[in-house]
Amino acid sequence: MSIDINQELKSKHNQNVSEYINKVLSLVEKEQVTAEDAAWITKETVDGFREHVNPGFLAYRKTVTKDGQFAAVEWSDNGSCFKDVNGKEYIDCLGGFGIYNVGHRNPKVVKAVTDQLKRQALHSQDLLDPLRAMLAKILADITPGDLKYAFFTNSGTESVEAALKLAKMYSERTTFISTTRAFHGKSLGSLSGTAKGMFRKPFLPLIPGFRHVPFGDIDMMKKTFEVCASVGEDVAAVILEPIQGEGGIILPPENYLKQVRELCDQYGSLLIFDEVQTGMGRTGKMFAAELYDVVPDIICLAKAFGGGVMPAGAIVAREEVFKSWFPNPFMHTTTFGGNPLACAAAIATIGVLIEENLPERAAVVGEYFLKQLKEAAAGHEDKVVEIRGQGLMIGIEFHQDEIGYEVSKGMFDRGVLVAGTLINSKTIRIEPALTISYEEVDKVVNTFKQVLELVQE
Ligand SMILES: *Cc1c(COP(=O)(O)O)cnc(C)c1O
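What counts, and at which threshold
- Residues numbered from 1 in each chain as written.
- Predicted model: local features only at pLDDT ≥ 70, side-chain atom pairs only at ≥ 80, totals over all residues.
- Heavy atoms only, no water.
- UniProt positions renumbered as here; feature names shortened; annotations may be inferred.
- Helix = DSSP H or I, 4+ residues; strand = E, 2+ residues; numbered from the N terminus.
- Expected span 1.5 Å × (residues − 1).
- Buried < 20%, exposed > 50% of the residue type's maximum accessible area, 1.4 Å probe, protein only.
- Contact = heavy atoms within 4.5 Å.
- Polar contact = N/O pair within 3.5 Å; in protein donor to acceptor, adjacent residues only side chain to side chain.
- Axes fitted to C-alpha atoms, helices over the stretch in contact; angles between N-to-C directions.
- Parallel < 35°, antiparallel > 145°, perpendicular 65-115°, else oblique.
- Left-handed = near helix turned anticlockwise from the far one by under 90°.
- Nonpolar A, V, L, I, M, F, W, Y, C, P; charged D, E, K, R; others polar.
- Pairing = 2+ DSSP bridges.
- 1 Å grid on protein atoms, 1.4 Å probe; cavity = no way out; pocket = protein on both sides within 12 Å on 5 of 7 lines; lining within 4 Å.
- Points joined across faces, edges and corners; volume = space filled by probe spheres on them.

If you check an unreviewed UniProt entry, the protein chain appears there as Putrescine aminotransferase from Neobacillus rhizosphaerae. In its Sequence similarities (unreviewed entry) section, UniProt records this for the protein chain: "Belongs to the class-III pyridoxal-phosphate-dependent aminotransferase family." Recorded in UniProt for the protein chain, the comment headed Cofactor (unreviewed entry) runs: "pyridoxal 5'-phosphate".

So this is what it looks like as structure tokens:
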């Protein structure tokens, strides 16, 4: 008897879940939502975050937005912009922390992915999958120097994990040098390289053998190599971002990366460039390595690699290094890495970057953007410390966190989304689509100017 009641309750419950699922899918299917739909979506989203995702996100949203705007729910996107569920449009200068290099839902990337989806979505994991081979060849062609073999991942942190494991396997050494303010991801291996204490402390001890030296300080780097050698802890690899992103858009001092390369060569250590954020045209070249004329042994990619449509990442390494994985290609694996949808997205993305000269466009538009922002900030030296950048990777540093928050809030209110950085909250970041129009740049600059004038010191 009691079993029957349970079953009845269960089927009732399943019926409710089914109804809810159908409602959600019908909204996903709709081209336009009504005001009533929008109100339902907003309520369900806020409730869902509070009860089932993490209420901390709502608290965070309240600190970065004015009035009731914390409940802004994103719904659609196109080009350099996205819209919330109520139809308010924002110019996206956060760009998912730099994932929309070819714009939101670039039609060529969407087409490649949907074409592939119609034929085969994921791979068998056993037969040879063609797009992985073709993408690897394309990467060998476009990456600097003799980088040749690729391993595919689903995210930035996974790319860094792969790079660290490959470096260990190749070198048979276990010491890594990373830099202060570095961000390499948050899984346990990559977090060992990441610098921010707040994110690391609860998870200590991390991978043994990591040492952090101040980014840009070549003397400290040299001394650390010397010390490591003298105590018998030879360095497997140096890992760094050629331009630090989350750290607050920190450019390397002149010749720094070349000198790091020389030290690595001197001590037989590998150089890993984490180009998860700087890669795919962001800084005005396809890869930031080209800006500084330095070839790493391993390059890490993700973020914009999937064209803002698919999650996708990769490492590309020199043959000499990668061949450590030839005898057993299953030494390091991931089920979804290099899947056909991700590869289709990456191939189309690289096609768009090349055909539309987007790296060069990032250089030219970035220079204009930087100049305009600097002009807009003139006379506000009491608030703004520095505006710096390379290509369309721009940082605005304020004297206090508070000013940065107020500027972001004011800009959000006026339809421009900019990003704080995870490591350094005094700096806001501007990383729009590389396709952003001059008109949109002017709008962002004017908004910044307006808001800066209103913000109290
Ligand atoms: C974002 C980022 C990562 C981590 O990428 P996820 O996809 O979030 O894991 C690693 N390195 C750099 C330089 C990044 O900017």
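The structure having been displayed, the exposition proceeds.
Draft legend 1. Representation of helix H14 (residues 340–355) in the model. For H14, spanning 16 residues, the distance from its first C-alpha to its last is 22 Å, which sits close to the expected 22 Å at 1.5 Å a residue. Across the 16 residues of H14, 12 count as buried, placing the element largely inside the fold. The secondary structure elements touched by the buried residues of H14 are helix H5 (107–119), helix H6 (130–142) and helix H15 (358–377). Near the N-terminus of H14, the side chain that reaches the backbone nitrogen of Leu341, with its oxygen 3.0 Å away, is that of Asn339. Asn357 sits one or two positions beyond H14 and adopts a positive phi of about 50°.

Draft legend 2. Representation of the packing of helix H16 (residues 401–413) against helix H17 (residues 438–454) within the structure. Packing of H16 against H17 brings their axes to within 9 Å, and their N-to-C directions diverge by 125°. It follows that H16 is oblique to H17 by the angle criterion. Helix-helix and strand crossings are classified by hand; for H16 and H17 the assignment is right-handed. The residues of H17 that touch H16, namely those facing Glu406, Val407, Gly410 and Met411, are Val444, Thr447, Phe448, Val451 and Leu452. Its residues assigned to classes, the contact of H16 with H17 shows 6 nonpolar, 2 polar and 1 charged.

Draft legend 3. Structural view of the pairing of strand E5 (residues 175–179). The element E5 is extensively covered by neighbouring structure, given that 5 of its 5 residues are classed as buried. Neither face of E5 is open: one carries Thr175, Ile177 and Thr179, the other Phe176 and Ser178, and all of them are buried. Relative to strand E7 (residues 235–240), E5 runs parallel, the two being bridged by 3 bridges. Bridging from a neighbouring strand, Phe176 pairs with Ala237 of E7. Summarising the sheet, E5 and strand E6 (residues 210–213) pair through 4 bridges and their orientation is parallel. The partner of Thr179 across the bridge, within E6, is Val213.

Draft legend 4. Inspection of the packing of helix H3 (residues 55–64) against H16 at higher detail. Running from N to C, H3 and H16 cross one another at 90°; their axes reach a closest spacing of 8 Å. Taken together, the axis directions place H3 and H16 in an arrangement best described as roughly perpendicular. Residues Arg61, Thr63 and Val64 of H3 form the contact with H16, whose own contacting residues are Tyr405, Lys409 and Phe412. A per-class count over the contact of H3 with H16 returns 3 nonpolar, 1 polar and 2 charged.

Draft legend 5. Geometry of the layout of surface pockets. What the largest pocket holds in volume is close to 1,200 Å³. Lining the largest pocket are 42 residues, and of these Tyr60, Arg61, Glu74, Leu94 and Leu417 lie nearest its centre. In terms of residue count, H3 provides more of the lining of the largest pocket than any other element does, 5 residues in total. Partitioned by chemical class, the residues of the lining of the largest pocket number 26 nonpolar, 10 polar and 6 charged. Empty space within the second largest pocket amounts to approximately 760 Å³. Together, 24 residues line the second largest pocket, and Asp129, Arg132, Phe151, Pro329 and Phe330 are the ones closest to its centre. Of all the secondary structure elements, the ones that give two or more residues to the lining of the second largest pocket are H6 and strand E4 (147–153). For the lining of the second largest pocket, the leading source of residues is E4, giving 4 residues. A per-class count over the lining of the second largest pocket returns 13 nonpolar, 8 polar and 3 charged.

Draft legend 6. The arrangement of the side chain of Ser159 in detail. Note on placement: Ser159 falls in helix H7 (residues 156–171). A distance of 3.3 Å separates the side chain of Ser159 from the backbone nitrogen of Ala314, its partner in a polar contact. Apart from residues lying up to four places away in sequence, Ser159 is in contact with Thr153, Cys300, Leu301, Ala302, Gly313, Ala314 and Ile315.

Draft legend 7. Quick peek at the sheet that holds strand E14 (residues 419–420). Read across the open sheet, the 4 strands follow the order E11-E12-E15-E14; overall the sheet is antiparallel. At either margin of the open sheet sits one strand with a lone partner, and together these are strand E11 (384–390) and E14. Pairing between E14 and strand E15 (residues 427–430): 2 bridges, direction antiparallel. Within the sheet, the bridge partner assigned to Gly420 lies in E15 and is Ile428. Helix-sheet contacts for H15 involve E11, strand E12 (393–398) and E15, and the interaxial angle to E11 is about 175°.

Draft legend 8. Spatial organisation of empty space enclosed by the protein. Under the counting rule described, the total for this entry stands at 1 cavity of 30 Å³ or more. Considered as a void within the structure, the largest cavity measures approximately 30 Å³ in volume. Along its surface, the largest cavity is lined by Leu135, Phe152, Thr153, Phe305, Ala312, Gly313, Gly338, Ala342, Cys343 and Ala346. Listed by contribution, the elements that provide at least two residues to the lining of the largest cavity are E4 and H14. Ranked by residue count, the leading element in the lining of the largest cavity is H14, at 3 residues. When its residues are assigned to classes, the lining of the largest cavity shows 7 nonpolar, 3 polar and no charged.

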